[in-house]
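Coordinate analysis (summary)
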Amino acid sequence: KSRACFQKATELDPKWAIGYTALANSYLFDEPKDPKKAEETAQKGVAADSSSAFAEIALGDVYRAQSDFDKARAAYAKAVQLNPDAPAAYYKEGHANSFLGHYDDARKNYTDGMQHDESDVAAKQNIILTYVYAGDEKTAMKLAMDDAAALDASGQSKSKIAGDKLSYYGLCVLMCFHYGDGAHLQELVGMIKGPNDESAAEAGT
């Protein structure tokens, strides 16, 4: 039903770019899926409003879903040009570069996006993952542990520090499982208890 509504809306207002991007996402994620129509509709969104970073991101998402990472990267890069303050555009360009094996470029994308985001945790986690993808688990683990340790001097609230630490430690746990690092995993269990208790106390129930 939502697909039909967006279809009708774009017929009534062919210049409504957001309607096309919503329709493209419907073809991309909802049943029945239709990647070809998703691409065609996302392109209509870009044509409807050439100044819309959101439309370019939607087009990039369509290409990324089709594993056409070169085209996805180009769309995300255009979105960055259209709206340099949108962190999602940088991060998604970083995803495309990661999938292409361009890890240095991806790290720059994430670092640039971080400058426009309220929190740097997502960007830093993605930077960590580029080292995992490159097969350098030692650097990835060290970065995650260093980022977690640096939070104590961040000046943020105790609950925010606890939540962000759990994000980094959780990433370390996944890496330990992946690489079979039981010794470090056991160490992490003890490190997680403090911030986990802090978060639980904050939640209350």
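So, a few notes on the structure that sits alongside this text. (Residues numbered from 1 in each chain as written. Predicted model: local features only at pLDDT ≥ 70, side-chain atom pairs only at ≥ 80, totals over all residues. Heavy atoms only, no water.)

1. Some words on the overall build of the chain
Helices and strands together make up the secondary structure of the chain, namely eleven helices and zero strands. Beginning at the N terminus, the succession of helices and strands in the chain can be written as α-α-α-α-α-α-α-α-α-α-α. Seen through its principal axes, the chain has C-alpha atoms that stretch 60 × 40 × 35 Å. Buried residues in the chain amount to 40% of all 205 residues. A total of about 11100 Å² of accessible surface is found on the chain, and carbon and sulfur atoms cover 54% of it. (Helix = DSSP H or I, 4+ residues; strand = E, 2+ residues; numbered from the N terminus. Buried < 20%, exposed > 50% of the residue type's maximum accessible area, 1.4 Å probe, protein only. Areas by Shrake-Rupley, 256 points an atom, 1.4 Å probe, with all protein chains shown as cover.)

2. Details of a nonpolar patch on the surface
A contiguous nonpolar patch, built from Trp16, Ile18 and Phe54 and spanning about 300 Å² of accessible area, is present on the exposed surface. Take tryptophan 16: it is sitting in the loop between α1 (2–12) and α2 (17–29). On the basis of relative accessibility, which here comes to 33%, the residue tryptophan 16 falls in the partly exposed class. (Patch = residues over 30% accessible without salt bridge, like charges linked within 9 Å, V, L, I, M, F, W, Y side chains within 5 Å. Salt bridge = Lys/Arg side-chain N within 4 Å of Asp/Glu carboxyl O.)

3. A closer look at the environment of valine 62
As for its position among the elements, valine 62 is in helix α4 (residues 53–65). Taking the relative accessible area as the measure of exposure, valine 62 reaches 0% and is therefore buried. Along the sequence, valine 62 and leucine 28 sit 34 residues apart, while their C-alpha atoms lie 7.0 Å from each other. In this structure valine 62 touches Leu28, Pro35, Ala38, Glu39 and Ala42, once residues within four positions along its chain are discounted. (Contact = heavy atoms within 4.5 Å.)

4. Here's the deal with unusual backbone geometry
The residue after glutamate 31, namely proline 32, is reached through a cis peptide bond having omega -5°. As for its position among the elements, proline 32 is in the loop between α2 and α3 (35–48).

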